Amino acid sequence: MSAVIENRPWSDADDQIIAGDLTAALGYVTPAGGVVVTPVAPIGLRDRDAGTISFTTSLGFGRKLARIDRDPRVALAFHAREHGFATGSRYVLVQGTARYDATPDPAVLADVVRPASTRFMGAPATGPFWDRWLAAYYADRVLVTIDVH
C-alpha cells in the first residue's frame, strides 16, 4: 500500500502512474446495482494538491454520464502500461465521487485537454477536412472530475 505524503492523497510513485498511463478502467454503478467497467483516457489530468483526477468523455456516451448522475461513486483503475509513459507493474486504484458540467467548455478543451492529449497522441489532425470531420468529436467532450476519497 502506498503511503500518503505531505497530506496529498497519493504517493509520488502513484502519481507517476496516474500522470503517465494513457488508458484506465472506469467502474461505475448500474441501476441494478452492478458495475460496468469501461476504458477512459485520463491523459495525465490530475491535481494532486486538490485530490482530483479527470478524464474526458463524449456527450454521445450518455449512458455513462446518466449513470454517474444517478450514483457518482466511481473507481478508476490504472492497470496497464502498454500505452503512455508510465513504467513498472504498479496497480493504482482510485475511488471517489465524479462530477461534470454537461455543457462542453471550449476553453477547457483547448487550454487543458488538448495539450494533455497532444503529449500522448501527438498533435491533432487539423485542416478543412479534419476540422469538419472531427468537429463533433472535439466539441461534444466534457471533463469528468473525480474527487478522490
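The structure displayed is predicted, hence computed values, not measured ones.

Undergrad: Please explain the overall build of the protein as it appears in this structure.
TA: A count of helical and extended segments in the protein gives five helices and seven strands. N-terminal to C-terminal, the α/β element order of the protein is α-β-β-β-β-α-β-β-α-α-α-β. Its C-alpha atoms give the protein a radius of gyration of 16 Å, within 12% of the compact-globule value 15 Å for 149 residues. Based on the C-alpha atoms only, the size of the protein along its principal axes is roughly 50 × 35 × 25 Å. Taken across its 149 residues, the protein has 39% of its residues classed as buried. Across the protein, every contact between residues at least 6 apart in sequence was considered, and the portion connecting residues at least 24 apart equals 70%. Looking at the protein, you have 15 positive and 16 negative side-chain charges, and the mean spots of the two groups are 6 Å apart.

Undergrad: So what exactly am I meant to see when it comes to the nonpolar core here?
TA: A general feature of soluble globular proteins is that nonpolar side chains tend to end up buried together. In terms of nonpolar packing, the biggest core is built from 22 residues, with Ile18, Leu26, Ile53, Val74, Leu76, Phe78 and Val94 touching the most fellow members. Going through the elements one at a time, helix H1 (12–20), strand S1 (24–29), strand S4 (52–58), helix H2 (62–70), strand S5 (73–78), strand S6 (92–100) and strand S7 (141–148) are the ones with two or more residues in this core. Examining the composition of this core, we find that four residues originate from one element, S7, more than from any other. In this view, Leu76 contacts Ala24, Ala25, Leu26, Val40, Ile53, Val92, Leu93, Val94 and Ile146; residues no more than four positions away in its chain are not counted. In this structure, Ile43, Leu45, Leu109 and Phe120 belong to the second largest nonpolar core, which totals seven residues.

Undergrad: When you look at the packing of aromatic side chains in this model, what are you seeing that I'm missing?
TA: Aromatic ring pairs are defined here through the distance separating the ring centres and the angle between the ring planes. The tally for this structure, following the rule as stated, stands at three aromatic pairs. Look at Phe129 and Trp130: their rings are 5.0 Å apart centre to centre, the planes differ by 80 degrees, and that puts the pair in the edge-to-face class. Three or more aromatic residues link up through ring pairs in this structure, and these residues are Phe129, Trp130 and Trp133. Of note, Arg119 hangs over the ring of Phe120, and the distance from its end group to the ring centre comes to 5.0 Å.

Undergrad: Mind showing me how you'd approach a nonpolar patch on the surface here?
TA: Taken together, the side chains of Phe129, Trp130 and Trp133 define a hydrophobic patch exposed on the protein surface, amounting to about 400 Å² of accessible area. Following the sequence through the fold, Trp130 ends up in helix H4 (residues 128–133). The partly exposed category is assigned to Trp130, whose relative accessible area is 38%.

Undergrad: Is there a simple way to explain the pattern of salt bridges in this structure?
TA: For the coordinates displayed, the defined rule picks out six salt bridges. Among the ionic pairs, Arg90 bridges to Asp14, the shortest N-O distance being 2.6 Å. Here Asp14 lies in helix H1 and Arg90 lies in the loop between S5 and S6, a separation of 76 residues in the sequence.

Undergrad: Would you take a moment to explain helix H3 (residues 106–121) for this structure?
TA: In an α-helix, one turn spans 3.6 residues, which is why side chains three or four residues apart end up on the same side. Between its first and last C-alpha atoms H3 spans 20 Å; for 16 residues at 1.5 Å apiece the expected length is 22 Å, and the helix comes up short by more than 12%. Along its length, H3 reaches its greatest deviation from straightness, about 40 degrees, at Val113, and the proline Pro115 lies no more than four positions downstream. Within the sequence span of H3, burial applies to Leu109, Val113, Ala116, Ser117 and Phe120. Along its buried surface, H3 packs onto H1, S4, helix H5 (135–139) and S7. At the N-terminal boundary of H3, the capping side chain belongs to Asp105, with an oxygen 3.0 Å from the backbone nitrogen of Ala107.

Rules of the game
Every chain is numbered independently, its residues counted from 1 as its sequence is written. This being a predicted model, a pLDDT of at least 70 is required before a residue's local features are given, and a value of 80 or more before pairs of side-chain atoms are given or counted; all residues contribute to the totals for chains, interfaces and linings. The side-chain values count all of the structure's non-hydrogen atoms but skip hydrogen atoms and water molecules. Secondary structure elements are taken from DSSP: a helix is a run of H or I of four residues or more, a strand is a run of E of two residues or more, and numbering for both begins at the N terminus. Two things to know: the radius of gyration comes from C-alpha atoms, and the globule rule equals 2.2 Å times the number of residues to the power 0.38. To sort residues, take the accessible area from a 1.4 Å probe on protein chains only and compare it with the maximum for the residue type: under 20% means buried, over 50% means exposed, and anything in between is partly exposed. It only takes one pair of heavy atoms within 4.5 Å for two residues to be counted as in contact. Here Asp and Glu are counted as negative and Lys and Arg as positive; His is not counted, and neither are the chain ends. Note on charges: their place is set at NZ of Lys, CZ of Arg, CG of Asp or CD of Glu. Remark: nonpolar core denotes a set of buried residues (Ala, Val, Leu, Ile, Met, Phe, Trp, Tyr, Cys) joined through side-chain atoms within 4.5 Å. Note on aromatic contacts: the rings of Phe and Tyr and the six-membered ring of Trp form a pair at centre separations within 6.5 Å, being stacked when their planes are under 30 degrees apart, edge-to-face when over 60 apart, and tilted otherwise. Consider the ring centre and the ring normal. A charge sits over the ring if Lys NZ or Arg CZ is within 6 Å of that centre and within 35 degrees of that normal. Each patch is assembled from residues with relative accessible area greater than 30% and no salt bridge, linking like charges that lie within 9 Å and nonpolar side chains (Val, Leu, Ile, Met, Phe, Trp, Tyr) that lie within 5 Å. Reported accessibility uses the Shrake-Rupley method at a 1.4 Å probe radius. Residues are deemed covered only where the shown protein chains occlude them. Any Lys or Arg side-chain nitrogen located within 4 Å of an Asp or Glu carboxyl oxygen qualifies as a salt bridge. In this analysis, the expected span of each helix is defined as 1.5 Å times one less than the number of residues it contains. In this analysis the local bend is the angle between axes fitted, respectively, to the seven residues ending at and the seven residues starting at the residue. Counting of polar contacts relies on pairs of N or O atoms within 3.5 Å, with two restrictions inside protein: one atom must be capable of donating a hydrogen and the other of accepting it, and residues adjacent in sequence are counted only when both atoms are side-chain atoms.

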